[in-house]
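One letter stands for each residue in the lines below.
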Amino acid sequence: MSKTIIISNRLPVQLQISNGSINAIPSVGGLATGMKSVHTGGDSLWIGWSGLTDEEIPKELILKIDKALAKHGSSKVNLSEEEVNGFYFGFSNRAIWPLFHYFLQYAEFKLDHWLTYKSVNRKFADAIIEKASEEDTIWIHDYQLMLVPKMVREKRPKLSIGFFLHIPFPSYEIFRTLPWREEILEGLLGSDLIGFHTYDYERHFLSSVRRLLGNEVSFDDIYVDDRIVKVDSFPMGIDYKKFSDAAKKQKEFSEAQQSDLQRRLDLHKKSSPDAKLVVSIDRLDYSKGIAKRLHAFKYFLDKFPQYKEKIRLIILAVPSRSNVPQYQLLKKEIDELVGRINGELATVSWTPIWYFYRSLPFDNLIDLYTSSDIAWLTPIRDGMNLVAKEYIATRTDKTGVLILSEMAGSANEMNEALLINPNNFEQIADTLYKAINMPELEQQRRNTILQRRLKRYDVEKWANDFMDSLRKQKNRDAANVSKRLTDNLMSAVLKNYNKARKRVFFIDYDGTLTGFKIDPQKASPDKSLYKLLDQLNEKEGNDIYLISGRDKETFGRWFLPKKYNMIVEHGVWISEEGGEFRMLENVNKDWMEKIYPVLESFVDRTPGSFIEEKNYSLAWHYRNTDPDFGANRAAELNTVLTSLIGNDDISVLNGNKVMEIKSSNVNKGRAAMRVLPQEDYDFIFAIGDDWTDEFMFQELPDEAVTVKVGMQNTKAKYYIESVSKVRNILKKFI
Ligand code: GDG
């Protein structure tokens, strides 16, 4: 039976060792809860680090620990202290975390950290390879394990692999500063599906892939060798029911059942009819903007002094990564700031800030959420921010105001919250004022909408959506695979070929017989290509047509007086058996004068693009421009040309990074069909890589063997993955 394997840095179980006995306690964190529906029964396994280094685990307990973890469907990856330091505290949290949260100034790029990151990723990958069978589905989590997908794919090419990034993916301008940027992208592209919290992170990732690796990207599909990798956004939700049920239960508590914290919170609320509680909960992390929030609070109290003695800010900062120097500095900064503000403003009956530097039990968390009139979350960058969602879920009477930084992923889905820029103190102070004075009806209106959405798209739905999408991707792959020109299919093609008496080959040039070059003039044929074409052509019964959009001068220079046929400029000219070019199609070129200056203006405004002037067509090449910019300009040019062309009999072809304007009655399909009746062919073969070749695939008779180079949608019967395979296929006909 196939199983699901989940991989994350940490296992969803906490290990406690005391007096030789082991206690494995399931974690209650968001991820562990969310994965419940995926991580169930005997058909799933969770692989991760236990939280204890090799040095911390007594040798005699290893087996016992493995058994205890197995009971929770978990299996551990063993890490030494040195590995944890280099991989987790080092590369993950001193390079990737700051960089991906736009704290470039904190990012440390150390070679030894990177090398440990790589070797630990290899350990995780090996653990998967050891446990996975061919039909299994693998879901890898987060920034600590970005190299794992490729490492697994190399050993197990058929596995279905998903990856989800829980933190932001930064813009290309930030990402490109990473010394090992290509390896990180290639690592991720080992997946079948890559998920992000928001569309912004997704488009940043796609842009980096296009710019740094040069892969072809079409909408959210990335073409990687013989695979299509899908990228999508899945905004993570919370266990809504758990939070709202806990809040309901807490409301029914008698005074005796209440926590000490709850009593303290109630005391504050009773201190004055307009007393307000504002809560903020985060890990102590510079990305969460705690220091700025404190400054903003002081700013607010200076601007609106009437709220002194009435408003209290509760800061719950959960200790995090205290081994990393930057976090130690931050702790010091926050301690001092809280001390300074409290020292300056406190009165005998009022302390403006209650500051907890610890993790509180779940029930206390609920006390804080349900008692606070306002949740104030001001991250400078945050992948999602689940606290914002949890606060809303606990507001059973629908009151309460959420102030949320627009830099948090969750702000995308929580428009009804009061969104702020965490750097704008004036705006924050005014928003806090607005929140304090927001009428209850208004609060309820906003929260009703928010709650409805959070309830619907909860964490279980998130996990199931991701898994569904991964399954669909696998099925899509399988559908694609059926068109791949495999060895078996090729044998059948060869059988027909050998039986045939008269055979014809239509072979495209650029992107088919040769890869793309920055300068198209440099893509001239090499010796082995001449040899291959000569041999194919000399074979009894074979006719070859090189069929290209190139101009006749270039092809004449490269191939004359070779004895094969050539159709150039998409079908305007033909040369047969080494003869001079003659016109195959009568075409009008009056339009060129009108269009040329338009293309020139696009060249001027699009660095890296150029015009190729052919006898009967004009091509605007944009392969060497910035990919996004080039694509935008191409769309713009398309609009301009469409309006200019009007009723003229010309058309615009969108090729592979080239737009070609030519007479409408010229295309490769029409040209191929004109030469076809000259002989009684009983084997027809056509191969090409781009849009212009689709005309041929469409026009040729049904029995023709048509082959697309690349995995994009095609009218061809078969495809092969890349240009590197074309010559081997053709060699089989010799
Ligand atoms: C990363 C991304 C993304 C907090 N204090 C206590 C406590 N918590 C719980 C909260 C919440 C969780 O911790 C924090 O989740 P966040 O989403 O706010 O932030 P990160 O830890 O930075 O998580 C983030 C997330 O991954 C998921 O993809 O949203 O952007 O940075 O669930 O309730 N829980 C208890 N006591 C506490 O004191 N029991």
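Residues numbered from 1 in each chain as written. Predicted model: local features only at pLDDT ≥ 70, side-chain atom pairs only at ≥ 80, totals over all residues. Heavy atoms only, no water.

Draft legend 1. A look at the domain arrangement of the chain. Domain annotation of the chain identifies domain 1 (4-233), domain 2 (240-456), domain 3 (483-585 + 666-731) and domain 4 (592-663). With centres defined by C-alpha atoms, the gap from domain 3 to domain 4 works out at 25 Å. Listed by partner, the interface residues are 21 residues for domain 3 and 15 residues for domain 4. Buried surface at the junction of domain 3 and domain 4, both sides included, amounts to about 1,400 Å², of which 56% is carbon and sulfur. At the junction of domain 3 with domain 4, the criterion picks out 7 residue pairs in polar contact (both at pLDDT 80 or more). Those elements that place two or more of their residues in the side of domain 3 that touches domain 4 are α20 (552-559) and α24 (691-699). The biggest single contributor to the side of domain 3 that touches domain 4 is α24, with 3 residues. Of the residues that constitute the side of domain 3 that touches domain 4, the class distribution is 9 nonpolar, 4 polar and 8 charged. (Domains from an automatic or database assignment. Contact = heavy atoms within 4.5 Å. Buried area = accessible area lost by both parts, 1.4 Å probe. Polar contact = N/O pair within 3.5 Å; in protein donor to acceptor, adjacent residues only side chain to side chain. Helix = DSSP H or I, 4+ residues; strand = E, 2+ residues; numbered from the N terminus. Nonpolar A, V, L, I, M, F, W, Y, C, P; charged D, E, K, R; others polar.)

Draft legend 2. Region of interest: the sheet that holds strand β26 (residues 658-663). Pairing is antiparallel in the open sheet, where 4 strands are placed in the order β23-β24-β26-β25. Of all strands in the sheet, those bounded by a partner on one side alone are β23 (610-613) and β25 (650-654). The mean angle between the axes of side-by-side strands here comes to 20°, regardless of whether they run parallel or antiparallel. Bridge count between β25 and β26: 5 bridges; the pairing is antiparallel. Within β26, the position partnered with I650 by the bridge is S663. (Pairing = 2+ DSSP bridges. Axes fitted to C-alpha atoms, helices over the stretch in contact; angles between N-to-C directions.)

Draft legend 3. View of the pairing of strand β3 (residues 21-26). Here strand β2 (residues 13-18) runs beside β3; their pairing, made up of 6 bridges, is antiparallel. When the sheet's bridge partners are listed, V13 is paired in β3 with P26. What sits between the antiparallel neighbours β2 and β3 is a turn of 2 residues, in which N19 has the positive phi angle 50°.

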